[in-house]
Amino acid sequence: ADLRLRLRACAEQKTYLQSVIETQKRKTHTLSCTVTQQQNMMQKLHANLQEMQSKYCTANETLTSLRIEYDMLRGNQSNFNSENLNYRIQNAELKKLISVLKSESTKHKNAWKRETEKSEVVEKELGTLREQLVQMEKTDVEQNEELRRENAVLK
């Protein structure tokens, strides 16, 4: 009975982790497009991904251990094979979800990089415009000085 409770708890933990992964996947699709938010979300996703992988490994190890212990006590090979197949299917689904999260993280990283590159181009153009403005102001001052001199000569 204790083993069944532990097995059920591990299965619930696995379901919970799948729910967390699904939640994170939905959050990834609704990210804001600002560079700062993308960078912050990418860091959060990375931390969440590491945490989920750690929890997944722990739950996976516990679940595997309990399944082996249960099957040894019961000697029910067909039940073990059925459970093992379900585990592998769920494991494959989790790996797909992790892959999707990594892909989304890469997309956001690339978008952030593109925005940074655009920002650098704008900064360069702004610098050029500032230089042109300074040159124009200098030329304007020189022309005003020349006009003052001419007016002074004409008076």
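The numbers attached to residues start from 1 for each chain and follow its sequence in the written order. Local features in this predicted model are restricted to residues whose pLDDT is 70 or higher, and side-chain atom pairs enter the listing and the counts only when it is 80 or higher, whereas totals over whole chains, interfaces and linings include all residues. For side-chain calculations, the full set of non-hydrogen atoms in the structure is used, while hydrogens and water are omitted.

**Details of the nonpolar core**
- The biggest cluster of nonpolar side chains holds 13 residues, and the ones touching the most others in it are Ile21, Leu94 and Leu101.
- Counting residues per element, the ones that place at least two in this core are helix H1 (2-29), helix H2 (35-74) and helix H3 (77-154).
- Two residues form a contact once any of their heavy atoms are found within 4.5 Å. Among residues more than four places away in sequence, those in contact with Leu94 are Lys14, Gln18, Ile21 and Tyr56. Residues belong to one nonpolar core when they are buried, are Ala, Val, Leu, Ile, Met, Phe, Trp, Tyr or Cys, and are joined through side-chain atoms within 4.5 Å. Three labels apply to residues, based on accessible area from a 1.4 Å probe with only protein chains included: buried if under 20% of the type maximum, exposed if over 50%, partly exposed otherwise in between. Helical segments are the DSSP runs of H or I of at least four residues, strand segments are the runs of E of at least two, and each set is numbered from the N terminus.

**Examining the pattern of salt bridges**
- What counts as a salt bridge is simple: a side-chain nitrogen of Lys or Arg found within 4 Å of a carboxyl oxygen of Asp or Glu. Under the counting rule described, the total for this entry stands at 4 salt bridges.
- Between Glu104 and Lys107 there is a salt bridge, with its nearest N and O atoms 3.5 Å apart. With Glu104 and Lys107 both in helix H3, this residue pair falls 3 residues apart, about one helical turn.
- Accessibility expressed as a relative area gives 48% for Lys107, which makes it partly exposed.
- In this structure, Glu145 and Arg148 form a salt bridge, with 2.9 Å as the shortest nitrogen-oxygen distance. A residue pair is termed a helical-turn pair when its members lie 3 or 4 positions apart in one helix, as Glu145 and Arg148 do in helix H3 at 3 residues.
- Taking relative accessible area as the criterion, Arg148 reaches 53% and is therefore assigned exposed.

**A few points about the side chain of Lys14**
- For Lys14, the position within the fold is in helix H1.
- Only four residue types enter the charge count: Lys and Arg as positive, Asp and Glu as negative, with His and the chain ends excluded. No salt bridge is formed by the buried Lys14. Its closest oppositely charged neighbour is Glu83, at 8.2 Å.
- Filtering out sequence-adjacent residues up to four positions away, Lys14 remains in contact with Leu63, Tyr87, Gln90 and Leu94.

**Description of the confidence of the model for the protein chain**
- What pLDDT conveys is the predictor's confidence in a given residue, as a value from 0 to 100. On average, residues of the protein chain score 86 in pLDDT, and 88% of them are at 70 or above.
- No element of the protein chain has a lower mean pLDDT than H2, at 83, and none a higher one than H3, at 91.

**Regarding the environment of Leu97**
- Considering the arrangement of structural elements, one finds Leu97 in helix H3.
- Placed 72 residues apart in sequence, Leu97 and Lys25 show a C-alpha to C-alpha distance of 7.7 Å.

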